[in-house]
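# Per-entry structural report
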Amino acid sequence: MPQMVQSRAQFGFVGALLVWVVALVTYIGYTPFNQVLVGSTMDHLADTPPSVSYIAYAVIGIVLAVVRYDFIHKASRWLTYLTGAGLAVFSVGIVVVAPFSADQLDLSAFTLAPFLIQLFHAAVYQLSWSIYVSDYSRYLPPTVGVRSSFWWTYLGAGFGGALMMLVGAVAAGLFPKLSLVDAVVKAGDQLFSGFGVVLLLLSVIPLFTIGTLNFYGGSLTLLSSIGSVKRVPLTLGTRIATLVVIGVASTGLAFSANDDFLTTFGDFLIVLGYLFTPWTAVNLIDFYVVRRGRYSIREIFNPRGIYGRWNWRGLTAYGVGFVSMLPFAVIGDVEGPLAHWVKGADVTMLVGLAVSSLLYLVLCRSLDIDAERAVIASADAGLDPDHAGHQADAGHHA
């Protein structure tokens, strides 16, 4: 089950809107960044006006989300092989070429604050993928175990993110005065002429698949958000309408991008970290410690069920955890009152995780888990694994 829907157990049927709004911000916020990268690439390779690329990216993503969702999974597999091979060649080749100067490799000037800022940027980027991880796994047959699902997801996200981040770091380190696209091309050409363009294409083409998932996931999230307060008919028309809304919003942001867009995107990631951190803490503590994976499928979709419309425990832990991070916040040139204690290093994620987790554990001490499980056993009678698997498959193809 998607974490967004499962969050109703921690925040309530309506209270989970908090999480879905954050998810919508993520879907809409990531897409214009991808559109800008595609626009810059096409401008570099074919002198295509960025505005044309922005619109084409949105149209392709929306069309694929409507008619060929399965195609995205198949394409992603092949792109994984191609991109992995290209990154392996670059990773080995750039070490052999050894283009870095002695000053760049000297760690004597190392300072902790910028390192932690970059570290938490990477961590927040990975954390923001939590809204995607069930998108594929929930369609797997019941014979696939939790262990294999976890490790393939974790390693795929980890290696996929880390390798691309390393390419960007190397390109920026070698050519700090160039734009992102030009730096990647120059870095690739350090190995042999023409490889920079190959590396650029391998970096950009997968953005079309994830763009489709952004439109698709954003559409479902918007429908779920509206459905929490008012029933919406899940027709082809409503799905297309929400896809268009997501597409128009993201494309509008892409058109408003300026030369400082990379800096703006970095700030966007920081804000996402502040929003996602307390939710992640509550969600994981509830799943692994409090309820230990025992939820009622039927009650989660019942606005008057055992999880309630508003769950004060989850909402309180989220709110207090979020507020606890603000004194340590560092967004661009703006710092919280306690940020100077850690010399500008962004430790908000550590603070938020600790406060939200501990507070949620304390608040759940009054939760009668045994009584809740008795209700779950009665409410979900008949939902055996085989039946649930067939329902998920049917829902997918529907």
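Details of the structure are given in the entry above.
Below, the structure is looked at part by part. These figures come from a predicted structure and were not determined experimentally. (Residues numbered from 1 in each chain as written. Predicted model: local features only at pLDDT ≥ 70, side-chain atom pairs only at ≥ 80, totals over all residues. Heavy atoms only, no water.)

## Some thoughts on the overall build of the protein
When its secondary structure is counted, the protein shows 19 helices and two strands. Taking 398 residues into account, the globule formula puts the C-alpha radius of gyration at 21 Å, and the protein, at 22 Å, falls close to it. Along the three orthogonal principal directions, the C-alpha set of the protein runs to about 65 × 50 × 40 Å. Put simply, of all contacts in the protein between residues at least 6 apart along the chain, 80% involve residues at least 24 apart. The averaged location of the 23 negative side-chain charges in the protein is 12 Å from the averaged location of its 21 positive side-chain charges. (Helix = DSSP H or I, 4+ residues; strand = E, 2+ residues; numbered from the N terminus. Rg over C-alpha atoms; globule rule 2.2 N^0.38 Å. Contact = heavy atoms within 4.5 Å. Lys, Arg positive; Asp, Glu negative; His and termini not counted. Charge placed at Lys NZ, Arg CZ, Asp CG, Glu CD.)

## Comments concerning the packing of helix α10 (residues 180-189) against helix α11 (residues 195-204)
A pair of packed helices is characterised by two quantities: the angle between their axes and the separation of those axes. Close contact between α10 and α11 brings their axes to 6 Å; oriented N to C, the two are set at 130 degrees. In terms of axis orientation, α10 runs oblique to α11. Between α10 and α11 lies a crossing whose hand is right-handed. Here V181, V184, V185, G188 and D189 of α10 lie close against α11, whose contacting residues are F195, G196, V197, L199 and L200. Looking at the contact of α10 with α11 residue by residue, the class counts come to seven nonpolar, two polar and one charged. (Axes fitted to C-alpha atoms, helices over the stretch in contact; angles between N-to-C directions. Parallel < 35°, antiparallel > 145°, perpendicular 65-115°, else oblique. Left-handed = near helix turned anticlockwise from the far one by under 90°. Nonpolar A, V, L, I, M, F, W, Y, C, P; charged D, E, K, R; others polar.)

## Some thoughts on a nonpolar patch on the surface
A cluster of nonpolar side chains, I55, V59, V63, V66, V67, L236, I240, V244, V248 and F255, forms an exposed patch at the surface whose accessible area comes to about 850 Å². Elements represented by at least two residues in the nonpolar patch include exactly α4 (50-67) and α13 (236-255). Mapped onto the secondary structure, V248 falls in helix α13. (Patch = residues over 30% accessible without salt bridge, like charges linked within 9 Å, V, L, I, M, F, W, Y side chains within 5 Å. Areas by Shrake-Rupley, 256 points an atom, 1.4 Å probe, with all protein chains shown as cover. Salt bridge = Lys/Arg side-chain N within 4 Å of Asp/Glu carboxyl O.)

## A word on the side chain of S324
Here S324 shows up in helix α16 (residues 312-325). Of the polar contacts made by the side chain of S324, one reaches the backbone oxygen of G321; its length is 2.6 Å. If we skip the residues at most four places from it in the chain, S324 touches V351, G352 and V355. (Polar contact = N/O pair within 3.5 Å; in protein donor to acceptor, adjacent residues only side chain to side chain.)

## Quick look at unusual backbone geometry
Of note in this structure, D47 is not a glycine but carries a positive phi near 55 degrees. Within the fold, D47 resides in the loop between α3 (17-46) and α4. On the accessibility criterion, D47 (65% relative accessible area) is exposed. A positive phi angle, near 50 degrees, is found at R292, a position not held by glycine. The topology assignment puts R292 in the loop between α14 (261-290) and α15 (297-300). (Buried < 20%, exposed > 50% of the residue type's maximum accessible area, 1.4 Å probe, protein only.)

## Regarding the side chain of S149
Mapped onto the fold, S149 is located in helix α9 (residues 146-174). Of note is the side chain of S149, whose polar atom sits 3.0 Å from the backbone oxygen of G145. Contacts of S149, omitting those with residues within four sequence positions, involve L140 and V144.

## Comments concerning the packing of aromatic side chains
Here a ring pair, both rings aromatic, is described through the centre-centre distance and the interplanar angle of the planes. Following the criterion strictly, the structure yields 12 aromatic pairs and no others. An angle of 85 degrees between the planes, with centres 5.2 Å apart, marks the rings of F150 and W151 as edge-to-face. Given a relative accessible area of 42%, F150 falls into the partly exposed group. Among the aromatic side chains, those forming a connected cluster through ring pairs are F150, W151 and Y154. The side chain of R8 reaches across the aromatic face of F13, ending 4.0 Å from its centre. (Phe/Tyr/Trp six-rings, centres within 6.5 Å; stacked < 30°, edge-to-face > 60°. Lys NZ or Arg CZ within 6 Å of the ring centre and 35° of its normal.)

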